[in-house]
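Structure at a glance
Read off the chains here:
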Amino acid sequence: MSFPLADPQVRPATPAEARVDLAAIQHNVAVLREHARGAELMATVKADGYGHGMAEAAQAALRGGATRLGTAFVREALALRAAGIDVPVLAWVITPGEPLDEAAEQGIELSAGAAWVLEEIAAAAARTGRTVGVHLKADTGMSRGGATAAEWPDLVDLALARQAEGLIRVAGLWSHFACADEPGHPSIAAQQAAFADAVQVAEKAGVRGAIRHLSNSAATLSLPEVAYDMVRPGIAVYGLSPIPQLGDFGLRPAMTLTARLAIAKRVPAGSGVSYGHLYVTPRETTLGLVPLGYADGILRHATNLAEVLVGGARHRIAGRVCMDQFMVDVGDTEVQVGDEVVLFGPGDDGEPTCQEWADSLGTITYEIVTRIGARVPRVYSGVNT
Ligand SMILES: *Cc1c(COP(=O)(O)O)cnc(C)c1O
């Protein structure tokens, strides 16, 4: 058996694959655009495209009709440029000492929610001779990034002053929802009103032509009326529902995580399995060894909880998830070394979905896909659609 090696020198791959269907990403962006009522779509591709591979996911999203890309960090945005992607890119988590000169030179747009960020951006603009597009971020009630209502007028005035000097251009006005995945949560209407106020303050102060954007995936799909000029979905681009209790919205999960059984063996009743013997076989049974572990993003918490598809049926993880491997109790199902194991996928062939994994682990799909480790090669399909 031979296994793909992502980069055999520095990054040996595990005998497992995260298969990524790029046609699904393209489809999902088209679905999101229908909800966005003509607004632009910025595909959020931070965290390596939510674990799917940033550049590949970005290209697929652009094929689906995205016109812009969003990242958390400047270095992620620069990696998109290095991959040859030249559409507008916004990076929104700026910390002291980032490579802002390079960002300016590469035409990366930057978020500013505090005066010191604006001044660092303006300084980079002055050094490089480039005018940097800045999206001013209002904290409308999440209390994470962004200027509070009290700070906002001064931030806007400072931005307009730096704009008058030719250093920056106020390219956007934006904010982020705290509870858009809980339709009807009272904070949603409050944040909408606070954002409308922030936009009004900025426009009264003289901001013109800035794109206004507020909606993550959950808001894009459940609140089309707040799409403003652009929506900024992430998780839904990858086909995972931002509001699972409302269904899948016609999205298609892009990732299928697979491995091949490395061992299949009969053991007697009463066999303690894996570290700590947290699973003891209730009868004579067949155990299979799956070569993926917590170093690959299979949460140790999945011990005795999550299910996988192998031998045509679902079977539960048996005992502790180790760093590089876990065991599965397949009962009397006929399995052999080399048989495919599907941890999760779209669910078409009876495999668990990422949503089921998240539910059984008490987490969200975001955490499952973004944790798939660097050892797991991403294998792409659906490129020529
Ligand atoms: C991650 C992120 C998004 C995308 O959120 P999803 O819930 O994945 O759609 C949008 N905007 C900001 C500021 C983010 O941090």
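Report on the accompanying structure. (Residues numbered from 1 in each chain as written. Predicted model: local features only at pLDDT ≥ 70, side-chain atom pairs only at ≥ 80, totals over all residues. Heavy atoms only, no water.)

Below, the discussion takes up the site of the ligand. Around the ligand, 14 residues are found, and the nearest of them are Lys-46, Tyr-50, Ser-217, Ile-235 and Tyr-366. Between the ligand and Ser-217, the relevant distance is 2.5 Å, taken from an oxygen atom to a side-chain nitrogen or oxygen of the residue. Here Tyr-366 contributes a side-chain N or O atom positioned 2.6 Å from an oxygen atom of the ligand. In isolation the ligand offers 390 Å² of accessible surface; the protein chains occlude 94% of this area. (Near = heavy atom within 4 Å. Polar contact = N/O pair within 3.5 Å; in protein donor to acceptor, adjacent residues only side chain to side chain. Areas by Shrake-Rupley, 256 points an atom, 1.4 Å probe, with all protein chains shown as cover.)

With that settled, consider the layout of surface pockets. Approximately 870 Å³ is the volume attributed to the largest pocket. As for the largest pocket, its lining consists of 45 residues, of which Lys-46, Trp-92, Met-142, Arg-144 and His-176 are closest to the centre. Broken down by secondary-structure element, the contributors of at least two residues to the lining of the largest pocket are helix H2 (46–50), strand S5 (109–112), helix H6 (115–128), helix H9 (217–222), helix H10 (354–361) and helix H11 (365–370). The residue inventory of the lining of the largest pocket, partitioned by class, reads 23 nonpolar, 15 polar and 7 charged. Three or more residues apiece are contributed to the lining of the largest pocket by two domains, here domain 1 (22–239) and domain 2 (255–381). (1 Å grid on protein atoms, 1.4 Å probe; cavity = no way out; pocket = protein on both sides within 12 Å on 5 of 7 lines; lining within 4 Å. Points joined across faces, edges and corners; volume = space filled by probe spheres on them. Helix = DSSP H or I, 4+ residues; strand = E, 2+ residues; numbered from the N terminus. Nonpolar A, V, L, I, M, F, W, Y, C, P; charged D, E, K, R; others polar. Domains from an automatic or database assignment.)

We now examine the pattern of salt bridges. Overall, the coordinates contain 20 salt bridges when judged by the stated rule. Note that Glu-340 is salt-bridged to Arg-19, the shortest N-O span being 2.9 Å. Separated by 321 residues along the polypeptide, Glu-340 in strand S18 (residues 340–344) and Arg-19 in strand S1 (residues 16–21) bring together distant segments of the chain. In this structure Glu-340 comes out as partly exposed when scored by relative accessible area, which is 32%. (Salt bridge = Lys/Arg side-chain N within 4 Å of Asp/Glu carboxyl O. Buried < 20%, exposed > 50% of the residue type's maximum accessible area, 1.4 Å probe, protein only.)

The sheet built from 8 strands closes into a barrel, its strands ordered S2-S3-S4-S5-S6-S7-S8-S9 with parallel pairing. By the bridge criterion, 2 bridges tie strand S2 (residues 40–44) to strand S9 (residues 230–231) in an arrangement that is parallel. Paired with Glu-40 across the bridge in S9 is Met-230. Sheet contacts for H6: S5, strand S6 (132–137) and strand S7 (168–174); angle to S5, the most-contacted strand, approximately 150°. Packed on one face of the sheet, helix H8 (residues 186–205) meets S7 and strand S8 (211–215) and runs near 165° to S8. (Pairing = 2+ DSSP bridges. Contact = heavy atoms within 4.5 Å. Axes fitted to C-alpha atoms, helices over the stretch in contact; angles between N-to-C directions.)

General note: in soluble globular proteins, nonpolar side chains tend to be found buried as a group. Core analysis: the biggest nonpolar cluster contains 112 residues, and Ile-25, Leu-110, Leu-136, Trp-152, Leu-343, Phe-344 and Trp-357 have the highest contact counts within it. Lining this core are residues from two domains, each supplying at least three of them: domain 1 (22–239) and domain 2 (255–381). Residues Leu-90, Trp-174, Ile-211 and Met-230 belong to the second largest nonpolar core, which totals 7 residues. (Core = buried A, V, L, I, M, F, W, Y, C linked by side-chain atoms within 4.5 Å.)

Among the 6 residues that make up S6, 6 are buried, leaving the element largely enclosed by the rest of the structure. In S6, alternate side chains face the same way, and those of Val-132, Val-134 and Leu-136 on one face and Gly-133, His-135 and Lys-137 on the other are all buried. Strand direction decides the pairing type here: S5 and S6, joined by 3 bridges, are parallel. In the sheet register, Ala-112 faces S6, and the bridge partner there is Leu-136. Note on the crossover from S5 through H6 to S6: the handedness is right-handed. Here 6 bridges tie S6 to S7, and the two strands are oriented parallel to one another. Within the sheet, the bridge partner assigned to Val-132 lies in S7 and is Ile-168. On the question of chirality, the crossover connecting S6 to the parallel S7 by way of helix H7 (residues 152–164) is right-handed. (Right-handed = clockwise from strand over helix to strand, strands pointing away.)

Moving on, we come to empty space enclosed by the protein. Inspection of the entire model under this criterion finds 1 cavity of 30 Å³ or more. The volume enclosed by the largest cavity comes to roughly 50 Å³. Around the largest cavity sit His-52, Tyr-238, Leu-240, Pro-253, Ala-254, Met-255, Phe-344, Gly-345, Cys-354 and Val-369, which together line it. Of the residues belonging to the lining of the largest cavity, the class tally is 8 nonpolar, 2 polar and no charged.

Turning our eyes to something else, we now look at the sheet that holds strand S15 (residues 307–310). As summarised here, the arrangement of the 9 strands in space is S11-S14-S17-S16-S15-S18-S10-S1-S19, forming an open sheet in which the pairing is mixed. Two strands lie at the open edges of the sheet, namely strand S11 (263–267) and strand S19 (378–381), each paired on one side alone. Along the sheet, successive strands turn relative to each other by an average axial angle of 35°, direction set aside. In terms of strand pairing, strand S10 (residues 255–260) meets S18 through 4 bridges, oriented antiparallel. Looking across to S18, one finds that Arg-260 is bridged to Glu-340.

This next bit is on the packing of aromatic side chains. Scanning the entire structure with this criterion turns up 5 aromatic pairs. Centroid distance Tyr-50 to Tyr-238: 4.8 Å. Interplanar angle 25°. Geometry classified as stacked. Note that Tyr-50 is positioned in helix H2 and Tyr-238 in the loop between S9 and S10, a separation of 188 residues in sequence. Both residues of the pair, Tyr-50 and Tyr-238, count as buried. Taken together, a centroid distance of 5.1 Å and an interplanar angle of 85° make the contact between Phe-195 and Tyr-228 edge-to-face. Pair noted here: Phe-195 is in helix H8 and Tyr-228 is in the loop between H9 and S9, with a separation of 33 residues, a long-range link. Using a relative accessible area of 1% as the deciding quantity, one classes Phe-195 as buried. Linked through ring pairs, Tyr-50, Tyr-238 and Tyr-366 together constitute an aromatic cluster. (Phe/Tyr/Trp six-rings, centres within 6.5 Å; stacked < 30°, edge-to-face > 60°.)

Treat this as a map of the structure, not an account of what it does.
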